[in-house]
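Architecture and fold: a report
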Amino acid sequence: DTFGEGLVKYRDEGLRAVISSLLEGDFYKGYVAYNEVLEPEGARLSEVLNGLVAEKRATAEVMASEAMETQQQMLLLQFALMIAGLVFLVFMGIVSIRAIRRPLRESMQFTLQIASGNLGASLPSQRDDELGRLMKALDSMRRSLGSIVRDVNRSVGVVRPATRDIADGNHRLSSRTPPQAASQ
């Protein structure tokens, strides 16, 4: 017997029989219908209904338990992804720092060579990023300084003979000045 069939039996054989007996004035027949059909069928329906509720409750508890397990798995997965992301960020940071430090170190060595007077220093490496543009600017500064030094050396080459002539003239003049001063 299913719950639906039991409900139909409760209604048709029990409830209608009790109501029709009471309406007819046959209270004994109503009492018998109540005791033999309504009460036992009601108790059976109550048990079936309690069983259905217990079954649904158990199913709900299983679903809740599965949901909790799934939630914990998702939390663990999120935590693992977060850790993996942090490891990846640290790795990328280290790679980025190394990628920047080497060209900066090369640029610093290049600049120190220029500062020490080595204008023949060569550009360490060719790059197409900001550091490469910085190195090209430093190389351009080196070439400009080399050009200035060459111009100054040329100017010194022109001035040197003239200063030598002036020094020789001064020396000759000073060597004649004491004998002339004594003759007067």
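Since the structure is predicted, the reported quantities are computational estimates derived from the model, not experimental observations.

**Examining the overall build of the chain**
Looking only at helices and strands, the chain features 3 helices and 0 strands. Going from the N terminus to the C terminus, the chain shows its helices and strands as α-α-α. A globule of 184 residues ought to have a C-alpha radius of gyration of about 16 Å, yet the chain, at 55 Å, is considerably larger. Along the longest, intermediate and shortest principal axes, the C-alpha atoms of the chain span 180 × 30 × 25 Å. In the chain, which comprises 184 residues, the proportion classed as buried is 13%. In the chain, the share of contacts with a sequence separation of at least 24, taken over all contacts with a separation of at least 6, comes to 56%. As presented, the chain carries roughly 14300 Å² of accessible surface, and 63% of it is formed by carbon and sulfur atoms. Of the charged side chains in the chain, 22 are positive and 22 negative; the average position of the first set lies 33 Å away from that of the second.

**A closer look at the pattern of salt bridges**
Taken as a whole and judged by the stated rule, the model has 9 salt bridges. Between Asp12 and Arg16 there is a salt bridge; the shortest N-O distance is 3.0 Å. Placement of both Asp12 and Arg16 in helix 1 (residues 3-24) is noted, with a separation of 4 residues, approximately one turn of the helix. Residues joined in a network through salt bridges with shared partners are Lys9, Glu41 and Arg44.

**Focus on the nonpolar core**
By size, the foremost hydrophobic cluster in this structure holds 6 residues: Phe110, Ile114, Ala121, Leu123, Met135 and Leu138. Among the secondary structure elements, those contributing two or more residues to this core are helix 2 (27-115) and helix 3 (130-183). Beyond its immediate sequence surroundings of up to four residues, Phe110 is in contact with Ala121, Ser122, Leu123, Pro124, Met135, Leu138, Asp139 and Arg142.

**Let's talk about helix 2**
In an α-helix, one turn spans 3.6 residues, which is why side chains three or four residues apart end up on the same side. If you check helix 2, its first and last C-alpha atoms are 124 Å apart, about what 89 residues at 1.5 Å a residue would give, namely 132 Å. At Tyr34, helix 2 is deflected by roughly 40°, the largest bend along its length. Those residues of helix 2 not exposed but buried are Gly30, Ala33, Val37, Leu38, Glu41, Leu45, Pro103, Ser107, Phe110 and Ile114. Within two residues after helix 2, Gly117 carries a phi angle of roughly 105°, on the positive side.

**A few points about a nonpolar patch on the surface**
On the surface, Phe79, Met82, Ile83, Leu86, Val87 and Leu89 cluster together into a nonpolar patch covering about 600 Å² of accessible area. Note that Leu89 resides in helix 2.

**Things to note about the packing of helix 1 against helix 2**
At their nearest, the axes of helix 1 and helix 2 sit 8 Å apart, and the two run at 155° to each other. With respect to helix 2, the axis of helix 1 lies roughly antiparallel. The two elements helix 1 and helix 2 cross, and the hand of that crossing is left-handed.

**Thoughts on the side chain of Ser107**
Mapping Ser107 onto the fold places it in helix 2. Judged by its relative accessible area of 4%, Ser107 is buried.

**Let's talk about the confidence of the model for the chain**
Across the chain, pLDDT averages 86, with 96% of residues at or above 70. In the model of the chain, helix 3 stands out as the element of lowest mean pLDDT, 81, in contrast to helix 2, which has the highest, 91.

**Regarding the environment of Leu138**
Along the chain, Leu138 turns up in helix 3. In this structure, the C-alpha to C-alpha distance between Leu138 and Arg160, residues 22 residues apart in sequence, is 32 Å. Excluding residues within four positions of it along the chain, Leu138 makes contact with Ser107, Phe110, Thr111 and Ile114.

Reading the values: the criteria
- Residues numbered from 1 in each chain as written.
- Predicted model: local features only at pLDDT ≥ 70, side-chain atom pairs only at ≥ 80, totals over all residues.
- Heavy atoms only, no water.
- Helix = DSSP H or I, 4+ residues; strand = E, 2+ residues; numbered from the N terminus.
- Rg over C-alpha atoms; globule rule 2.2 N^0.38 Å.
- Buried < 20%, exposed > 50% of the residue type's maximum accessible area, 1.4 Å probe, protein only.
- Contact = heavy atoms within 4.5 Å.
- Areas by Shrake-Rupley, 256 points an atom, 1.4 Å probe, with all protein chains shown as cover.
- Lys, Arg positive; Asp, Glu negative; His and termini not counted.
- Charge placed at Lys NZ, Arg CZ, Asp CG, Glu CD.
- Salt bridge = Lys/Arg side-chain N within 4 Å of Asp/Glu carboxyl O.
- Core = buried A, V, L, I, M, F, W, Y, C linked by side-chain atoms within 4.5 Å.
- Expected span 1.5 Å × (residues − 1).
- Bend = angle between axes of the 7 residues up to and from the residue.
- Patch = residues over 30% accessible without salt bridge, like charges linked within 9 Å, V, L, I, M, F, W, Y side chains within 5 Å.
- Axes fitted to C-alpha atoms, helices over the stretch in contact; angles between N-to-C directions.
- Parallel < 35°, antiparallel > 145°, perpendicular 65-115°, else oblique.
- Left-handed = near helix turned anticlockwise from the far one by under 90°.
- pLDDT = per-residue confidence, 0-100.

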